[in-house]
Amino acid sequence: MRFMKKTMCCLLVTVLAFGFLRASSYALEAGNDPAVDRLNEFADMVMEEKGQSFGYPGNQNVQLTGFYEWLIESGLDTAIVNNAGDPFNNTDPSLNALDFEREVIEFFGPLYGFDPDNLWGIVTFSGTDGNNHGIYFGSKYLEKKTQQQPVVYVSDAAHYSNMRLADLQNLDLVLIPSDEHGCMIPEEFEKLLVKDRPALIIYAMGTTFKGGIDDQEAINAVLAKYPSIEVYRHVDAALFGGFLPYTEYRDAVNRNVQPYDSIAISGHKFFGMDEPAGLFLTTMEIKENQNPYNVTYLNGSMPMINCSRSAIAPLKFWWMIQHIGIEGFTEQANGMLERAAWLKGELDKLGWRAWLEPMSNTVYFERPPEEIAEKYMLAPDYDERLGGELSHIVVMQHVTEEGLQGFLDDLADYMEESTAAAA
Ligand SMILES: Cc1ncc(COP(=O)(O)O)c(C=O)c1O
């Protein structure tokens, strides 16, 4: 009897609590607060459209629900935690998540061939922020070594952030022509190489539109002819750097196989962060050869560009490492590449001109009519060498075979209609 009473009591409390929660969420939904109505409208739009986002490299299968539940339960949503400081020199671990940030870098470093004893890095605000650090660290490292400012080399198919950042940092920039697959042309690089200045080379590891990967071996062969040129190599691997370590192409981002000094990767592309973030990885040797501005209150030299940095982004990365991990990343990465190869094969069967570079999840093709391009949010590009107007599909985690089949069916219908109209 006592047991029954207790059970009934618990049930009543649960029903009341549930009722209260429902009531408060009804209050949010019932139009009592115009601010919430406006936010709901925005959220509905995002939820409706995210599955159709085929033309951009964001992973729309974000898996952070558990993280947010934890964040609210823990009370951390009422605190400001700030990662101002060096994650590898955290002398005051209060109100920062620098130790988690260091663990994130230590987890990813070896996947890119960094020796754990000679590794430094940060969780950045974005791929662009990682490139900013790569260019800044590279130029200061070379300047210290040679007492000369380097020349920055990047292909004209690389992401515009590299050009913008060279401009921002007031560095001489040489744009190297790329071939029709989006790769730097090594012969053009040799022609434009300034032989009496240090070289800061940015390798595009997956160009934004075509997914071209610069041929590091061929470019290194050019550099080997000029041994007096001091070189720093930064890899812009915003999207591809996320997934390649979990595929048969892992050597392409392994600095023991393809030597480089730093790499930038976006967090919101492959990894599925829900807001812009990224990783910047380099060696301790590069980090220690920066301009040493000592900051007394942070107890050391702070080589990173920003003072305040997110403490939440490293926690999210850390969460993903624990809950998705190498096994999950491997499954996701290989699934993307398989579906990209499948899409290319299906476009070939349809007779719609399409290309897919090695190691790439980005299929680019002759631009479909506007209604299809709009439906699947396909960004435009133009290359005379490939017949003019182009679009691409970036096969991310949320771009399923079913979704791709819908796109292919739309394209097949369009082709049929245009053939019928022409007859
Ligand atoms: C190759 C490449 N580099 C850099 C970036 C910039 O990265 P973020 O948007 O994370 O700043 C992008 C973005 O698409 C990119 O494709």
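What counts, and where the lines are drawn
- Residues numbered from 1 in each chain as written.
- Predicted model: local features only at pLDDT ≥ 70, side-chain atom pairs only at ≥ 80, totals over all residues.
- Helix = DSSP H or I, 4+ residues; strand = E, 2+ residues; numbered from the N terminus.
- Buried ≥ 20, exposed ≤ 12 C-beta atoms within 10 Å, placed from the backbone.
- Contact = placed C-beta atoms within 7 Å.
- Near = placed C-beta within 6 Å.
- Nonpolar A, V, L, I, M, F, W, Y, C, P; charged D, E, K, R; others polar.
- Domains from an automatic or database assignment.
- Axes fitted to C-alpha atoms, helices over the stretch in contact; angles between N-to-C directions.
- Parallel < 35°, antiparallel > 145°, perpendicular 65-115°, else oblique.
- Left-handed = near helix turned anticlockwise from the far one by under 90°.
- Pairing = 2+ DSSP bridges.

**Student:** Hey, could you run me through the overall build of the chain in this one?
**Tutor:** In terms of helices and strands, the chain carries 14 helices and 13 strands. Judged by the C-alpha coordinates and their principal axes, the chain covers about 90 × 80 × 40 Å. In the chain, which comprises 423 residues, the share counted as buried stands at 39%. Excluding contacts between residues fewer than 6 apart, the proportion of contacts in the chain whose partners are at least 24 apart in sequence is 70%.

**Student:** I'm lost on the site of the ligand in this one. Help?
**Tutor:** Neighbouring residues of the ligand: 16 residues in total, closest Ser 126, Gly 127, Thr 128, His 159 and Ala 238. Looking at the shell around the ligand residue by residue, the classes come out as 5 nonpolar, 10 polar and 1 charged.

**Student:** Just checking my understanding: could you explain the domain arrangement of the chain for this structure?
**Tutor:** Buried accessible area, meaning the area lost when the parts come together, often serves as the stated size of an interface. Splitting the chain by domain gives domain 1 (78–323) and domain 2 (325–422). Its C-alpha centre places domain 1 at a distance of 30 Å from the equivalent point of domain 2. Taken together, the contacts link 18 residues of domain 1 with 20 residues of domain 2. When contributions to the side of domain 1 that touches domain 2 are tallied by element, the ones reaching two or more residues are helix 9 (240–243) and helix 11 (312–323).

**Student:** When you look at the packing of helix 4 (residues 98–108) against helix 11 in this model, what are you seeing that I'm missing?
**Tutor:** A pair of packed helices is characterised by two quantities: the angle between their axes and the separation of those axes. Packing of helix 4 against helix 11 leaves a shortest axis separation of 8 Å and a crossing angle of 50 degrees. Put simply, helix 4 runs oblique to helix 11. Of the two elements, helix 4 crosses helix 11, and the hand of that crossing is left-handed. Across the interface between the two elements, Phe 100, Glu 101, Glu 103, Val 104 and Phe 107 from helix 4 touch Pro 314, Leu 315, Phe 317, Trp 318 and Ile 321 from helix 11. For the contact of helix 4 with helix 11, the residue count by class is 8 nonpolar, no polar and 2 charged.

**Student:** Could you clarify how one ought to interpret the packing of helix 5 (residues 127–146) against helix 6 (residues 160–168) in this entry?
**Tutor:** Packing of helix 5 against helix 6 brings their axes to within 10 Å, and their N-to-C directions diverge by 45 degrees. With respect to each other, helix 5 and helix 6 are oriented oblique. Helix 5 and helix 6 meet at a crossing whose hand is right-handed. Across the interface between the two elements, Thr 128, Asn 131, Asn 132 and Ile 135 from helix 5 touch Ser 161, Asn 162, Leu 165 and Ala 166 from helix 6. Along the lines of polarity and charge, the residues of the contact of helix 5 with helix 6 split into 3 nonpolar, 5 polar and no charged.

**Student:** Just to check I follow, could you spell out the pairing of strand 11 (residues 362–366) for this structure?
**Tutor:** Successive residues of a regular strand alternate their side chains across the two faces of the sheet. A large share of strand 11 lies buried, amounting to 4 of its 5 residues. Sheet topology note: the strand 10 (residues 354–356)/strand 11 ladder contains 3 bridges and is antiparallel. Across the sheet, the residue bridging to Ala 354 is Phe 365, located in strand 11. As judged from the 5 bridges shared by strand 11 and strand 13 (residues 388–394), these two strands associate in the antiparallel manner.

**Student:** How do you make sense of the environment of Arg 233 when you look at a structure like this?
**Tutor:** Along the chain, the position of Arg 233 falls in strand 5 (residues 231–236). Overall, the presence of 22 C-beta atoms within 10 Å leaves Arg 233 in the buried class. Once residues lying within four places of it in the same chain are set aside, the contact partners of Arg 233 are Ile 201, Tyr 203, Pro 259, Tyr 260 and Asp 261.

**Student:** Explanation requested: the environment of Tyr 153 in the structure shown.
**Tutor:** Position of Tyr 153 among the secondary structure elements: in strand 2 (residues 151–155). Linking Tyr 153 and Phe 189, residues 36 residues apart in sequence, is a C-alpha distance of 8.2 Å. Beyond its immediate chain neighbours, meaning those up to four positions away, Tyr 153 contacts Val 174, Ile 176, Phe 189, Ala 199, Ile 201 and Ile 202.

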